[in-house]
Amino acid sequence: MRKKQSSNYINEQFLFETCERNSAISIVSGRWKSQIIYYISQGYNRFHLLKQQLPAISETVLARQLKELESHAILVKREMTDTIPTGVKYLLTNKGWDLVPILDSLCNWGKVYADGKEIFVPTDPKLVRYRASVK
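The paragraphs below set out a description of the structure included in this document. In this text, all values refer to a predicted model and were calculated from it rather than measured experimentally.

**Regarding the pattern of salt bridges**
Right, on to step 1. Throughout the structure, instances matching the rule amount to one salt bridge.
Right, on to step 2. As a salt-bridge pair, Glu68 and Lys33 come within 2.7 Å of each other at their nearest N and O atoms. Of this pair, Glu68 sits in helix H5 (residues 59–71) while Lys33 sits in helix H3 (residues 33–41), and the two are 35 residues apart along the sequence.
Right, on to step 3. Accessibility expressed as a relative area gives 30% for Glu68, which makes it partly exposed.

Put into structure tokens, the structure is as follows:
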């Protein structure tokens, strides 16, 4: 939590009010969040299963990332009353499921450039117009 008078907090609020894109990026930023969302979407929805898929993450960090995703309504935590002892599973909300294809697209974009796609300044007027309209 940041102090509301801090310049970091004020700048963050300005960016969030300027464009929802900044808020969305903030929600999924963090080293592990995209992988956590991906693995839950693949059925690894229990803490120990996530820990198996992400062996380098500490339990403390995993718990914190899950709580942050829960606070943004990306996932919910549900008790499994049919197990002894009672277990917990994590389920993506519709907001979380809507995020999965976006994260897949980012993954694919990263792969394309990691595989050495040429980088250049586009000269096609259609691309230049598109870039100008996005700003």
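**A look at the environment of Ser23**
Right, on to step 1. If you trace the backbone, Ser23 turns up in helix H2 (residues 20–28).
Right, on to step 2. Judged by its relative accessible area of 24%, Ser23 is partly exposed.
Right, on to step 3. The spacing of Ser23 and Gln13 is ten residues in sequence and 8.9 Å in space, taken between C-alpha atoms.

**Considering the nonpolar core**
Right, on to step 1. Ile36, Ile37, Ile40 and Leu66 are the most contacted members of the largest nonpolar core, which has 20 residues in total.
Right, on to step 2. At the level of elements, H2, H3, H5, strand S2 (87–92) and helix H6 (94–114) are the ones that each hand at least two residues to this core.

**Brief notes about unusual backbone geometry**
Right, on to step 1. Looking along the chain, the bond that leaves Ile84 and enters Pro85 is cis, with omega of -5°.
Right, on to step 2. Inspection of the secondary structure puts Pro85 in the loop between strand S1 (75–80) and S2.
Right, on to step 3. Look at Ala73: it is not a glycine, yet its phi comes out positive at around 60°.
Right, on to step 4. With respect to the element layout, Ala73 can be found in the loop between H5 and S1.
Right, on to step 5. In this structure Ala73 comes out as partly exposed when scored by relative accessible area, which is 37%.

**Comments concerning a nonpolar patch on the surface**
Right, on to step 1. Taken together, the side chains of Ile102, Leu106, Trp109, Val112, Tyr113 and Ile119 present a nonpolar region at the surface, about 650 Å² in accessible area.
Right, on to step 2. Positionally, Val112 belongs in helix H6.
Right, on to step 3. With relative accessibility at 37%, the residue Val112 sits in the partly exposed group.

The rules behind each value
- Residues numbered from 1 in each chain as written.
- Predicted model: local features only at pLDDT ≥ 70, side-chain atom pairs only at ≥ 80, totals over all residues.
- Heavy atoms only, no water.
- Salt bridge = Lys/Arg side-chain N within 4 Å of Asp/Glu carboxyl O.
- Helix = DSSP H or I, 4+ residues; strand = E, 2+ residues; numbered from the N terminus.
- Buried < 20%, exposed > 50% of the residue type's maximum accessible area, 1.4 Å probe, protein only.
- Core = buried A, V, L, I, M, F, W, Y, C linked by side-chain atoms within 4.5 Å.
- Patch = residues over 30% accessible without salt bridge, like charges linked within 9 Å, V, L, I, M, F, W, Y side chains within 5 Å.
- Areas by Shrake-Rupley, 256 points an atom, 1.4 Å probe, with all protein chains shown as cover.

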